[in-house]
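Each chain, written out:
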Amino acid sequence: MGIISSGFRGRRQAGSPALPPGQYETASFPVLTAGPAPDIPTEDWEFFITTEEGRSHTWSWDAFMALPQVDIGTDIHCVTSWSKLGTSWRGVSLDTLFEDVQTTSRFTTAHSYGGYTTNLPLRDLLDGKAWIAWEYDGKALERAHGGPARLLVPHLYFWKSAKWINGVELTQEDIPGFWESNGYHLHGDPWREERYS
Amino acid sequence: MTGNDSSASPGAEDPRPGDPDIAGTAGNPIPHLDGNAAAGPLWELFRLDVIAAIGRCKHCGAVRAFGEASVYADGPGMVVRCTSCEGVLLRLVETPTSFWLDVSGLSYLQIDRES
Ligand SMILES: [Zn+2]
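About the thresholds
- In every chain, residue numbers begin from 1 and rise along the written sequence.
- Chain labels run from A onward and ligand labels from 1 onward, assigned in the order the entries are written.
- Given that the model is predicted, a residue must reach a pLDDT of at least 70 before its local features are reported, and side-chain atom pairs must reach 80 or more before they are shown or counted; all residues, however, enter totals for whole chains, interfaces and linings.
- The basis for the side-chain values is all heavy atoms of the structure; hydrogens and waters are excluded.
- Metal-coordinating donors are taken as N, O and S atoms lying within 2.8 Å of the metal, or within 3.2 Å when the metal is Na, K or Ca; because water is left out, some sites can appear incomplete.
- Donor angles set the geometry label: tetrahedral for four donors if every angle is between 85 and 135 degrees, square planar for four and octahedral for six if opposite donors exceed 155 degrees and the others are between 65 and 115, irregular for anything else.
- Elements are defined by DSSP. Helices are runs of H or I of four residues or more, strands are runs of E of two residues or more, and each kind is numbered from the N terminus.
- Here's how the labels work: a residue is buried when its accessible area is under 20% of the maximum for its type, exposed when over 50%, partly exposed in between, all with a 1.4 Å probe on protein chains only.
- One requirement defines pairing of two strands: DSSP has to find at least two bridges between them.
- Here an angle of 0 to 180 degrees is reported between the N-to-C directions of two axes, which are lines fitted to C-alpha atoms, with helices fitted over the stretch in contact.
- Here, residues are in contact when the closest pair of their heavy atoms is within 4.5 Å.
- Buried area, as used here, totals the accessible surface that two parts lose on assembly, with accessibility defined by a 1.4 Å probe and the loss added over both.
- One speaks of a salt bridge when a side-chain nitrogen belonging to Lys or Arg is within 4 Å of a carboxyl oxygen belonging to Asp or Glu.
- Here a polar contact is recorded for every N or O atom pair within 3.5 Å, except that within protein the pair must consist of a potential hydrogen donor and a potential acceptor, and residues adjacent in sequence are included only if both atoms are side-chain atoms.

## Some remarks on the coordination of the zinc ion
Residue and element names in this part refer to chain B.
Inference 1: All of the protein donors around the zinc ion are Cys 57 (SG), Cys 60 (SG), Cys 82 (SG) and Cys 85 (SG); their distances to the metal are 2.3 to 2.4 Å.
Inference 2: What the four donor atoms of the zinc ion show is an angle range of 106 to 112 degrees at the metal, which sorts the shape as tetrahedral.
Inference 3: Sequence positions of the donors to the zinc ion reduce to the motif C-x2-C-x21-C-x2-C. A residue pair is termed long-range when its members are at least 10 positions apart, and Cys 60 in the loop between strand S2 (54–57) and strand S3 (63–65) and Cys 82 in the loop between strand S5 (78–81) and strand S6 (88–94) qualify at 22 residues.
Inference 4: The exposure class of Cys 82 is buried, given its relative accessible area of 3%.

Next up, the structure:
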């Protein structure tokens, strides 16, 4: 998993090493959502990181687009059992966004426009494992898939890759998000089948 | 989710059917159903017919028949939302070992006793 790693290996069969346990491969990109898709014009869009001390780092769309952009080739795995192999994205690494953020927190809550939340340990967002993605398959990310921008954390089940991302709040404790507070696993590693709590 | 034998109307009733951008593909809006879609699972759990029940939304105070709510059923769980404010009224997740039911978005549910 990582930048330009798996995007061009082609399609693989069920049971291949690319598929985590209990997953099947799909060629389509199902739209799974817990509510209506919010409509966020990029001129109103903002991304924030807030620390435990109440410090806030924010980026407008233009400031975000001026950051270093990377191409990401990766497999994605939805907890509802579909996996999509070799997807390609473009966006900004969370490492870039966290460069000037001072924190002792070990956990985060990702907040989306529309109210969705999901919790992630900070270590799962850093070291080249997570991005804010705004392009999918060479085109602007469609609103149904989280456009203008979504969190992309492909090494965890896809409910962690929050659509319509608005910001990341650093927290001292691991606070269950929308699905994690109602039956789903706090962490969500597909290779360990961390589906349910 | 099982037990859904209701006459739920599909997402073609989306309030913004003409908005192609809301869809993965044009003419394919974010799929949601009406409250009937939640009736089967809740009947299975409680032997309770909630379709005609009157619920009060904790977020905006709207009082409506449960059957009028919006149901998003294609995600990791079922999410029932208020049609007035889109706040979450109810969530139901089915795992291999449990049902997880969150009704914290409803301040009450008034259920008819007639049988
Ligand atoms: Zn409401």
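## Quick word on the sheet that holds strand S11 (residues 165–171) of chain A
Residue and element names in this part refer to chain A.
Inference 1: Pairing is mixed in the open sheet, where five strands are placed in the order S3-S2-S11-S6-S7. The sheet terminates laterally at strand S3 (56–60) and strand S7 (117–121), the two strands that pair on one side only. Sheet twist, expressed as the average angle between the axes of neighbouring strands with direction ignored, equals 15 degrees.
Inference 2: Pairing of strand S6 (residues 107–112) with S7 involves five bridges; the strand directions are antiparallel. Paired with Ala 110 across the two strands is Thr 118, which belongs to S7.

## Topic: the pairing of S5(B)
All names here are of chain B.
Inference 1: Residue alternation in S5 divides its side chains into two sets, Met 78 and Val 80 and Val 79 and Arg 81, and both sets are buried.
Inference 2: The pairing of strand S4 (residues 70–72) with S5 spans three bridges and is antiparallel. Bridging across to S5, Ser 70 finds its partner in Arg 81.
Inference 3: Linkage of S4 to S5, two consecutive antiparallel strands, is achieved through a turn of five residues.
Inference 4: Where S5 lies against S6, four bridges are found, and the strand directions are antiparallel. Directly across from Met 78, in S6, lies its bridge partner Leu 92.
Inference 5: Between S5 and the antiparallel strand that follows it, S6, lie six residues; Glu 86 among them carries a positive phi value of about 65 degrees.

## Thoughts on the interface of chain A and chain B
Inference 1: The interface of chain A with chain B comprises 20 residues on the first partner and 26 residues on the second.
Inference 2: By the criterion of area lost to chain B, the three top residues of chain A are A:Pro36, A:Arg143 and A:Asn182, representing 30% of everything that side buries.
Inference 3: Seen at the junction of chain A and chain B, the total is zero salt bridges.
Inference 4: Connecting chain A to chain B are five residue pairs in polar contact (both at pLDDT 80 or more).

## Topic: the environment of A:Glu142
Inference 1: Within the secondary structure layout, A:Glu142 lies in the loop between strand S9 (139–140) and strand S10 (150–152).
Inference 2: As for A:Glu142 and A:Tyr196, which are separated by 54 residues in sequence, their C-alpha atoms are 29 Å apart.

## Details of the pattern of salt bridges
Inference 1: For the structure on display, the rule yields six salt bridges over all chains.
Inference 2: The salt bridge partner of A:Arg192 is A:Asp189, with a shortest N-O separation of 3.7 Å.
Inference 3: In this structure A:Arg192 comes out as exposed when scored by relative accessible area, which is 63%.
Inference 4: Taking the relative accessible area as the measure of exposure, A:Asp189 reaches 15% and is therefore buried.
Inference 5: Across the pair B:Asp102 and B:Arg91 runs a salt bridge whose closest N-O atoms are separated by 2.9 Å. In this pair, B:Asp102 is assigned in strand S7 (residues 99–102) and B:Arg91 in strand S6, connecting sequence segments 11 residues apart.

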